[in-house]
Amino acid sequence: MSGAHAPLIPLILVRHGETDWNVEGRLQGRRDVPLNPRGRDQARAVGRLLAGAVPDLSKRPFFVSPLTRATDTARLLREAAGLDPDLFVTEERLAELGFGAWEGSTMREIREREPAEARRRDAARWTHRPPGGESYEDVESRLATFFAALDRPSVIVAHGGVIRAALALLGAGARETLPGLHVRQGRAILLNSEGWRWLSQ
């Protein structure tokens, strides 16, 4: 983990709560899969965590992926933190990495169905595009203008792929290793000039 190029503006990055497809290991991408009961509990838990750990939380704007699993996470999180549940901005650039034709499949199914393409992915995780989908590099490019415009501490509720791409873009991790980073649900990342860490009370 390196903070050499991390933003001076502190950011909080939250991954949406669990869905049934997460449990099954299915690639969601742009599919609008809802939170399951555990995911809703995780969203509330993050809200309680942030309420206790971030004194100025009510003053921070929230920017949220438009996918339902992220907007529902944001509403439940804010409600649990004692904030207006609907006071956030949806941002299309925060939508998850698109997996194209692979959406709805598990990696095991993909390896059985398309072994050569799966090997190409394994060899170049950051730049590989699934058929009809995006690479992490693509996501990093679409995030660039969004992050460049941020001018105050903010909370971002998005997806695992988006958070990995953001960490790369902001100089807080290596592109060679970030695809393997487990971005936890029910937790939040604090990113600032010192690098990033899991936030705890």
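Remember, predicted model here, so these are calculated numbers, not experimental data.

Student: For this particular structure, what's the right way to read the packing of helix H2 (residues 37–53) against helix H3 (residues 68–80)?
Tutor: To describe two helices that pack against each other, one gives the angle between their axes and the distance between the axes. Close contact between H2 and H3 brings their axes to 7 Å; oriented N to C, the two are set at 45°. Judged by the angle between their axes, H2 and H3 are oblique. For the pair H2 and H3, the sense of crossing is right-handed. Counted together, Arg40, Ala43, Arg44, Val46, Gly47, Arg48 and Leu50 of H2 and Asp72, Thr73, Leu76, Leu77 and Ala80 of H3 form the full contact between these two elements. Residue composition of the contact of H2 with H3, by class: six nonpolar, two polar and four charged.

Student: Sorry, what's going on with helix H6 (residues 136–149) here?
Tutor: One turn of the α-helix equals 3.6 residues, which is why residues spaced by three or four share an orientation. In a regular helix each residue adds 1.5 Å, so 14 residues correspond to 20 Å; H6 covers 21 Å between its end C-alpha atoms and thus fits that length. Within H6 the residues assigned to the buried category are Tyr136, Asp138, Val139, Glu140, Arg142, Leu143, Phe146 and Phe147.

Student: Sorry, what's going on with H2 here?
Tutor: Counted at 1.5 Å a residue, the expected span for H2 with its 17 residues is 24 Å, and the 24 Å between its end C-alpha atoms agrees. Looking only at H2, the buried set comprises Gly39, Gln42, Ala43, Val46, Gly47, Leu49 and Leu50. Seen along its axis, H2 keeps its buried residues to an arc of 165°; they face one direction. What points out from H2, more than 90 degrees from its buried face, is the exposed set Pro37, Arg38 and Gly52. Summarising the contacts, the buried residues of H2 are in contact with strand E1 (11–15), H3 and strand E5 (188–192).

The rules behind these values
Residues numbered from 1 in each chain as written. Predicted model: local features only at pLDDT ≥ 70, side-chain atom pairs only at ≥ 80, totals over all residues. Heavy atoms only, no water. Axes fitted to C-alpha atoms, helices over the stretch in contact; angles between N-to-C directions. Helix = DSSP H or I, 4+ residues; strand = E, 2+ residues; numbered from the N terminus. Parallel < 35°, antiparallel > 145°, perpendicular 65-115°, else oblique. Left-handed = near helix turned anticlockwise from the far one by under 90°. Contact = heavy atoms within 4.5 Å. Nonpolar A, V, L, I, M, F, W, Y, C, P; charged D, E, K, R; others polar. Expected span 1.5 Å × (residues − 1). Buried < 20%, exposed > 50% of the residue type's maximum accessible area, 1.4 Å probe, protein only. Arc of directions from axis to C-beta.

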